[in-house]
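Now for the letters of each chain:
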Amino acid sequence: MKIIIKNIAQIVQTERKKTSFVYGDNMKKLNVINDGFIEIKDGIITNFGNMKDWNGIEDWNNIEIIDAEGGSVFPSYCDSHTHLVFAESREREFVDRIKGLSYEQIANSGGGILNSARKLENLSEEELYEKAKNRIQKIIQTGTGAVEIKSGYGLTTDSEIKILRVIKKLKKTSDITIKSTFLGAHALPQKYKSNKKAYIELIINEMLPIIADEKLADYIDVFCEKNYFSIEDTIKILNAGQKINLIGKTHVNQFNAFGGVKASVNSGALSVDHLEIINQEDINILKGSKCMPTALPSCSFFLGIPYSPVRKLINNNLPVALASDYNPGSSPSGNMNFVISLACIKLKMTPEEAINAATINSAYAMGIEKELGSIDIGKKANLFITKKIPSYNYIPYNFGENVIASTILNGKIQ
Ligand code: NIG
Ligand code: FE
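Residues numbered from 1 in each chain as written. Chains lettered and ligands numbered in written order. Predicted model: local features only at pLDDT ≥ 70, side-chain atom pairs only at ≥ 80, totals over all residues. Heavy atoms only, no water.

**Comments concerning the coordination of the iron ion (ligand 2)**
At the metal site, the iron ion (ligand 2) is ligated by His81 (NE2), His83 (NE2), His251 (NE2) and Asp325 (OD), and these contacts range over 2.1 to 2.2 Å. In primary-sequence terms, the residues that donate to the iron ion (ligand 2) follow H-x1-H-x167-H-x73-D. One end of the pair, His83, is in the loop between strand 6 (77-82) and helix 1 (91-98); the other, Asp325, is in the loop between strand 13 (321-322) and helix 12 (336-345), and 242 residues separate them in sequence. Asp325 matches His83 in its accessibility class, with the two residues each being buried. (Donors = N, O, S within 2.8 Å, 3.2 Å for Na, K, Ca; no water. Helix = DSSP H or I, 4+ residues; strand = E, 2+ residues; numbered from the N terminus. Buried < 20%, exposed > 50% of the residue type's maximum accessible area, 1.4 Å probe, protein only.)

This is the structure in structure tokens:
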């Protein structure tokens, strides 16, 4: 099956040949083709260019023509950090925070991650799958074409495995590309409150072998934070993951910078995520690595915590990726258009930097930069067509309105 998209005002983010990610000043560059066409065959981009170079149609069999009517085409967003398999929303905690309680206070009184874990325990795999599937349907409509999903609202062997099995099933049944991350070390369950060592042993000796056996995860994550998991815990868990080929993608520096970046980089992590607080040591370590710093501005927006100082990273010649952190506690939205708006408005990224960060760099942060993250011949045809917009700058500028007219994943119109 062949698809031709014609009359595209702008094809945004074309070709990143041999580029795994962009960093420093290169993040300001975004290739654009005006008045373009794209050809797709069997789910793969086979040609693109200016309308004047289009050869027209030689074979009318098995072909679908899409007229973009002056809309623009973007590669789908790659959302490299989400927790979208969860049971229920947590708007009561949201109201509690408005009334003055902090995120930490809520967590310490049994809310937060533990609250989500309690709600998830009673759901069947099927119910959880249906809820997650609906959320995926929604993020596809806002332009996401690849998503990393973490476990971490289980915190028992049964529930963690249940979440990972749901993710595995979603991988099989969705056109969206999915990567799965095991986050058993998301919080300390009540039962292990005074015996963290035993919980870490449960993760390493009971959960990881099942994950290896059933091939349930691509990556491993740890919430490395004061009152959650220490540097030593983080290293221990990441090393255990490495033994079964799970690469690290960690939660670090959300509230405190105390060595989480160094521990993650030294353990071979692919990305370090959050980074609301960054010090010079973190920057120095990242400079000598291939680890992708990832900012999650909708979490800062929702919790009212500092925004990640990404300008410092880019000015130090580093790359930055953007992701939504979609979860019920700190970012109940998986809308990457809004993430890009926040990146421009609050992180002071230019639209070019933000689009690079949400496409090619976030593709790298989930290990799929060779197949997604740009419009390039041979890459997967995961892309979206916008309504008529004046330029790509309009996406971050026009926050809150979905300008996406249609979405194609795996060469299929969604
Ligand atoms: O990435 N920081 C840890 N985990 C999530 C929040 C989890 C929750 O509050 O449910 C995050 O922000
Ligand atoms: Fe997160």
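There is more to say, and it comes next.
**Description of the layout of surface pockets**
Reported here for the largest pocket is a volume of approximately 280 Å³. In terms of lining residues, the largest pocket is bounded by 14 residues, among which Glu121, Leu155, Thr156, Pro189 and Gln190 are the most central. Take the lining of the largest pocket: its biggest share by element is 4 residues, from helix 3 (residues 112-121). (1 Å grid on protein atoms, 1.4 Å probe; cavity = no way out; pocket = protein on both sides within 12 Å on 5 of 7 lines; lining within 4 Å. Points joined across faces, edges and corners; volume = space filled by probe spheres on them.)

**Section: the pairing of strand 8 (residues 177-185)**
Consecutive side chains of a regular strand alternate in pointing toward one face of the sheet and then the other. Burial of strand 8 is extensive: 8 of the 9 residues sit out of reach of the surface. Here strand 7 (residues 144-150) pairs with strand 8 via 5 bridges, running parallel. From the neighbouring strand, Val147 faces strand 8, where its bridge partner is Ile178. Pairing analysis gives 3 bridges linking strand 8 to strand 9 (residues 219-224), with the strands arranged parallel. Bridge pairing in strand 9 links Phe182 to Ile220. For the handedness criterion, the β-α-β arrangement of strand 8, helix 6 (residues 196-214) and strand 9 is classed as right-handed. (Pairing = 2+ DSSP bridges. Right-handed = clockwise from strand over helix to strand, strands pointing away.)

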